[in-house]
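# Coordinates in review
Letter by letter, the chains look like this.
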Amino acid sequence: MFQSLEWRNEKLSYLAVKICLAVDITLSLKAFRLFFNHEQIRTMSRVKRRTTHPPYWHVLKNNQRTDEKISSDNLRFVQEVIQDKYKNKSPIKGSDLDIEKTEWDPKTKRSGVIARNIGVQHMWEKDGKKVICTVLHVLDNHVIRYVPPEEYAKSVIGAKMFKNRKPLGCLVVGAEASNPERFTRQYCSLFDEVGLLPKKRLARFIVTPNAALPPCTPLTAGHFVIGQAVDVYGKTIDYGFQGVVKRWGFKGGPASHGTTKFHRRGGTIGTGRDKARVWPGQKMPGHMGSERRFNRGLKIVRINMKYNIIYVKGTVPGPTNSIVQIFDTALPRRKFTEAPPHPTYFPPEDGTLPQEDIWDSSLHVFGSPSISV
Amino acid sequence: MLRRAFLQTFRQGLAQSFFKRYAVSLTETTVTHQPIETSDEAGEKSVPTQKTGDESGNTVVVAPPEFRFIYPEFLPDPAMERRNRLREKLERMDMLQRRSVIEIPEFYTGSIMAVTVADANSPNKFAKFVGICIQRGGSGLRAWFILRNVVDKQGVEILYEMYCPLIQKIEVLRLERRLDESLLYLRDALPEYSTFPMDMEPERRLNNSVVPINPLKVKLRPRPWLERWERQNLQGVEDLNLPQRFYDRAEKVAKPWEKYDLMLHYRKTIPAEEQEKIFAEVHSQLQQQELKRKLRRRRGSDNEY
């Protein structure tokens, strides 16, 4: 009995991945239609696609207090207290790592990075072909906490994730430091151990124990290697409540020739004979967008170390100026063959500056002479 | 006193340029087609490149106001959803890098240009095309322009991306402006208005300080046309000689209130303060590149003798 439930769960997650990929394909290639599989739609209709509220274990984040009438002296005092509390904490250097630098092996999972999608720039390859590259700005990432595998497997999500697998550790990474007055005391206490200014964004990255990092380690654009493939997670553009034509690609009805009030409607929603009801998962108007998506296998073509910018070939989910997470790719044929900066990149301690702008060999560098075929 | 006067004239110049730029919707004669000063003049003159002092006493470099017409692609796309200052700054740096390799001259719609492109299928690996610029657009590295010519009685239009590394050379053979910002009506005009010899030589201008405006009025072929030209308020076409019902329908369909819609124009443009900042950023590098090119030209002409 127990075994059969597990099998069904696994099949669900497998189907979930398949449906996600299928939905991605239908959204991008509008001409290509998958055949209508009622089984898949019915199982997926029970999976909740998104929630608007955070999980129950999240602490209240934003300060709910209204403007209190504080005198200017007291305000200045508050500023001083903040400055004293969060005085310059020197970032962890490579030589400071407590754990011995463990060897990289192909099964290692490194940390990811939180970045902002700041837009799209066009670049050209060496044969003159134009390429759309997404510009990702790696924010001020710092490791907040490392949760070892045994502890993480006891948590709610950890238990689900590693049900019949060997458990892995979890790195909590924060990005975008901001004024502690904006947040609640409970949220700021998450960063007290580390002594960092509270971060606006937090993310969890699943890592193998040999890629664990101590708290307060900075993560920069140098964490990645030119030419590697990355997966980018983001929440897609929120289109709001959309009709059936935009949301599911229905054709609607004729624009003229006497059509009465049937231009962008769905039409029939059932047969009347089979089951004699509407099947769950019937495509109808509703909320579209703001969903978790991964764009996998995107190649890094350029890294700017000075501004912490990564140029990635292709597009990522989400609108401009939205936050995304970047991981080393999960695609088996595009994984690392040689060791990347493991566990992360640390700037050289002898003060030599790294190369500011690193380009992939396939791209045409703008300062170089024009291409002649 | 002098500084205030300068700022006043500067702002007046900006305001005039602002209205001039969106002259299509304006029917009144606030549209004074004032000749714009060219990049040569702007670079040589010391007065426009003033270092005005602000309150703290530090000198602030201000680029000449003509830069927004000479280098319009440095201004970003005004759509707020897609704007990001850091990305725009990085894009501008890349644009300057490309401009250090190839000279992208000042040109306007109506100028006749020659573009040499690397082409694998050509016999000598380079393809040259001469044509009149009928439209230009895009911002940043996506900036483009369309050249039109009539070759063997066949109209040909080619869209070139200004920063594409396949482009070897962009040459302006005749620098002038027309009465309209977009010359798409040349597609429906008589072919002689779009024909230019492929071996045209660059013309030397007598007066370098001002870009001349060609007041040519083009004759269109009889209907049918590709667009309803009578609805577009074109200055550069001869009288269309259409039946009155066309003009009546154009009046009904027209949106005369758009010229009063300040927010519409605000959303379509970058604010003047931001434009000043952007051009001040790129100004010194562009000037340096111009000077280097001039020295190279002079040295080249000296070596001839």
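Residues numbered from 1 in each chain as written. Chains lettered and ligands numbered in written order. Predicted model: local features only at pLDDT ≥ 70, side-chain atom pairs only at ≥ 80, totals over all residues. Heavy atoms only, no water.

- Per an unreviewed UniProt entry, chain B goes by Large ribosomal subunit protein bL19m and derives from Daphnia sinensis.

- In the nomenclature of an unreviewed UniProt entry, chain A corresponds to Large ribosomal subunit protein uL3m from the organism Daphnia sinensis.
- Under the UniProt heading Sequence similarities (unreviewed entry), the entry covering chain A gives this text: "Belongs to the universal ribosomal protein uL3 family." (UniProt positions renumbered as here; feature names shortened; annotations may be inferred.)

## Brief notes about the overall build of chain A
- If you tally the helices and strands in chain A, you get seven helices and 13 strands.
- The buried share among the 373 residues of chain A stands at 36%.
- Nonlocal contacts in chain A, meaning residues at least 24 apart in sequence, comprise 78% of its contacts between residues at least 6 apart.
- As displayed, chain A has an accessible area near 23200 Å², and 55% of this comes from carbon and sulfur atoms. (Helix = DSSP H or I, 4+ residues; strand = E, 2+ residues; numbered from the N terminus. Buried < 20%, exposed > 50% of the residue type's maximum accessible area, 1.4 Å probe, protein only. Contact = heavy atoms within 4.5 Å. Areas by Shrake-Rupley, 256 points an atom, 1.4 Å probe, with all protein chains shown as cover.)

## Digging into a nonpolar patch on the surface
- A grouping of A:Tyr56, A:Trp57, A:Val156, A:Ile157 and A:Met161 is seen on the molecular surface, where their side chains present a nonpolar patch of about 500 Å² in accessible area.
- Among the secondary structure elements, A:Trp57 is positioned in the loop between helix H2 (38-45) and helix H3 (72-85). (Patch = residues over 30% accessible without salt bridge, like charges linked within 9 Å, V, L, I, M, F, W, Y side chains within 5 Å. Salt bridge = Lys/Arg side-chain N within 4 Å of Asp/Glu carboxyl O.)

## So, the environment of B:Gly131
All names here are of chain B.
- Along the chain, the position of glycine 131 falls in strand E4 (residues 126-137).
- Sequence separation between glycine 131 and glutamate 157 is 26 residues, and the spatial gap between their C-alpha atoms is 8.2 Å.
- Beyond its immediate stretch of four places on either side in the chain, glycine 131 contacts Ser111, Ile112, Met113, Leu147, Arg148 and Asn149.

## Observations concerning the interface of chain A and chain B
- Counting residues at the interface gives 27 residues for chain A, matched by 28 residues for chain B.
- Summed over the three residues of chain A that lose the most area to chain B, namely A:Trp124, A:Phe366 and A:Val373, the buried surface amounts to 26% of that side.
- Counting every contact that joins chain A to chain B gives two salt bridges.
- Within the residue set of the side of chain A that touches chain B, elements represented by two or more residues are strand E1 (113-124), strand E2 (130-138), strand E10 (292-304) and strand E11 (309-313) of chain A.
- Of all the elements, E1(A) adds the most residues to the side of chain A that touches chain B, at six residues.
- Residues that form the side of chain A that touches chain B fall into these classes: 11 nonpolar, 13 polar and three charged. (Buried area = accessible area lost by both parts, 1.4 Å probe. Nonpolar A, V, L, I, M, F, W, Y, C, P; charged D, E, K, R; others polar.)

## Concerning the packing of aromatic side chains
Residues and elements named next belong to chain A.
- Using the criterion set out here, one finds 14 aromatic pairs over all chains in the structure.
- Where phenylalanine 183 meets tyrosine 187, the ring centres are 5.0 Å apart and the plane angle is 45°; that geometry is what we call tilted.
- By relative accessible area, which is 5% here, tyrosine 187 ends up buried.
- Among the aromatic residues, those joined into a ring-pair cluster are Phe205, Tyr233, Phe294 and Phe327.
- One residue, arginine 302, lies across the ring of tyrosine 311, its end atom 4.5 Å from the ring centre. (Phe/Tyr/Trp six-rings, centres within 6.5 Å; stacked < 30°, edge-to-face > 60°. Lys NZ or Arg CZ within 6 Å of the ring centre and 35° of its normal.)

## Notes on the pairing of strand E4 (residues 169-177) of chain A
Residue and element names in this part refer to chain A.
- Most of E4 is tucked away, with eight of its nine residues classed as buried.
- Pairing of strand E3 (residues 141-147) with E4, which is carried by five bridges, proceeds in the antiparallel orientation. Looking at E4, one finds that histidine 142 is bridged to glycine 174.
- In terms of strand pairing, E4 meets strand E5 (residues 199-207) through eight bridges, oriented antiparallel. Bridged to glycine 169 within E5 is valine 207. (Pairing = 2+ DSSP bridges.)

## Let's talk about helix H4 (residues 85-101) of chain B
Residue and element names in this part refer to chain B.
- Compared with an ideal rise of 1.5 Å per residue, which puts 17 residues at 24 Å, H4 spans 25 Å between its outermost C-alpha atoms and is within 8% of the ideal.
- If you check which residues of H4 are buried, you get Arg87, Glu88, Leu90, Glu91, Arg92, Asp94, Met95, Leu96, Arg98 and Arg99.
- Looking at where H4 begins, the residue whose side-chain oxygen comes 3.1 Å from the main-chain nitrogen of leucine 86 is asparagine 84. (Expected span 1.5 Å × (residues − 1). Polar contact = N/O pair within 3.5 Å; in protein donor to acceptor, adjacent residues only side chain to side chain.)

## Notes on the sheet that holds strand E3 (residues 112-118) of chain B
Residues and elements named next belong to chain B.
- Pairing is antiparallel in the open sheet, where five strands are placed in the order E6-E5-E4-E3-E7. Sheet topology places strand E6 (154-161) and strand E7 (167-174) at the edges, where each strand pairs with a single neighbour. In this sheet, neighbouring strand axes are inclined to one another by 35° on average, regardless of whether the strands run parallel or antiparallel.
- Inspection of the sheet shows E3 paired to E4 by seven bridges, in the antiparallel sense. When the bridges of E4 are listed, valine 115 appears paired with phenylalanine 129. (Axes fitted to C-alpha atoms, helices over the stretch in contact; angles between N-to-C directions.)

## Observations concerning the sheet that holds E4(A)
Residue and element names in this part refer to chain A.
- Strand order in the open sheet made by the four strands is E5-E4-E3-E6, with antiparallel pairing throughout. Sheet topology places E5 and strand E6 (218-219) at the edges, where each strand pairs with a single neighbour.
- Two strands pair when backbone bridges link them, and E3 and E6 are joined in this way by two bridges, in the antiparallel orientation. Bridge pairing links asparagine 141 to leucine 219 in E6.

## A closer look at the confidence of the model for chain A
- In the predicted model, chain A carries a mean pLDDT of 84, and the fraction of residues at 70 or more is 83%.
- Below a pLDDT of 50 lies the segment residues 1-33 of chain A, which in the model reaches 17 contacts outside its immediate sequence neighbourhood of four places, other chains included. (pLDDT = per-residue confidence, 0-100.)

## With respect to the nonpolar core
- The biggest cluster of nonpolar side chains holds 53 residues, and the ones touching the most others in it are B:Phe74, B:Phe145 and B:Tyr163.
- With residues near it in sequence (within four places) discarded, B:Tyr163 still touches A:Trp124, A:Phe366, B:Glu73, B:Phe74, B:Met95, B:Arg98, B:Arg99, B:Ile104, B:Gly140, B:Leu141 and B:Ala143.
- Listed in part, the 31 residues of the second largest apolar core include A:Val138, A:Ala203, A:Ala211 and A:Leu213. (Core = buried A, V, L, I, M, F, W, Y, C linked by side-chain atoms within 4.5 Å.)

## Overview of the pairing of strand E12 (residues 322-328) of chain A
Residue and element names in this part refer to chain A.
- Within E12, six of the seven residues are buried, which leaves it mostly tucked inside the rest of the structure.
- The pairing of E1 with E12 spans five bridges and is classified as antiparallel. When the sheet's bridge partners are listed, valine 113 is paired in E12 with isoleucine 326.
- In this structure, strand E7 (residues 229-235) lies alongside E12, joined through four bridges in antiparallel fashion. Along E12, the bridge assignment pairs valine 230 with aspartate 328.

## Considerations on the pattern of salt bridges
All names here are of chain B.
- Per the counting criterion, the structure on display carries 26 salt bridges over all chains.
- Salt-bridge contacts for arginine 148 lead to glutamate 157; the nearest nitrogen and oxygen are separated by 3.0 Å.
- Looking at arginine 148, the relative accessible area reads 9%, which means it is buried.
- Since its relative accessible area comes to 29%, glutamate 157 is described here as partly exposed.
- A cluster of three or more residues bridged by salt bridges with shared partners is formed by Arg83, Arg85, Glu88 and Glu274.

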